[in-house]
Amino acid sequence: MKKKIIHVITYVLFIIFAVVIILPLIWMVVTGFKTNQEMFLSPFSLPEEWHWENYVNAWNQGIG
């Protein structure tokens, strides 16, 4: 029984750790599709229109 509790606690900690790492990455990618105005006015919402050209412009300017 004690071993099972330790496993559950371990899995919960791994899940929390994964969420702490993955959520900022997802937020960064979604923010990359926004305009500057959308990024500052509503940073936690999805973009109204997805601007794929932001990544194209970054790639062409030497980020890639």
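First, a word on scope: everything that follows refers to the structure included in this document. (Residues numbered from 1 in each chain as written. Predicted model: local features only at pLDDT ≥ 70, side-chain atom pairs only at ≥ 80, totals over all residues. Heavy atoms only, no water.)

## Comments concerning the packing of aromatic side chains
The cut-off we apply is this: Side-chain rings of Phe, Tyr and Trp (the six-membered ring for Trp) are treated as a pair once their centres are within 6.5 Å; stacked means planes under 30 degrees apart, edge-to-face means over 60, and tilted covers the remaining angles. In this text, helices come from DSSP runs of H or I with a minimum length of four residues, and strands from runs of E with a minimum of two, each type numbered from the N-terminal end. Exposure classes here rest on a 1.4 Å probe applied to the protein chains alone. A residue is buried below 20% of its type maximum, exposed above 50%, and partly exposed in between.
In the structure shown here, the tally under the stated rule is four aromatic pairs. Taking the centre distance of 4.6 Å and the plane angle of 70° together, the rings of Phe33 and Trp52 count as edge-to-face. Of this pair, Phe33 sits in the loop between α1 (2-31) and α2 (36-41) while Trp52 sits in the loop between α2 and α3 (53-60), placing them 19 residues apart in sequence. Overall, the relative accessible area of 8% leaves Phe33 in the buried class. What makes Trp52 exposed here is its relative accessible area of 57%. Through pairs of rings, three or more aromatic residues link up here, namely Phe33, Trp50, Trp52 and Tyr55.

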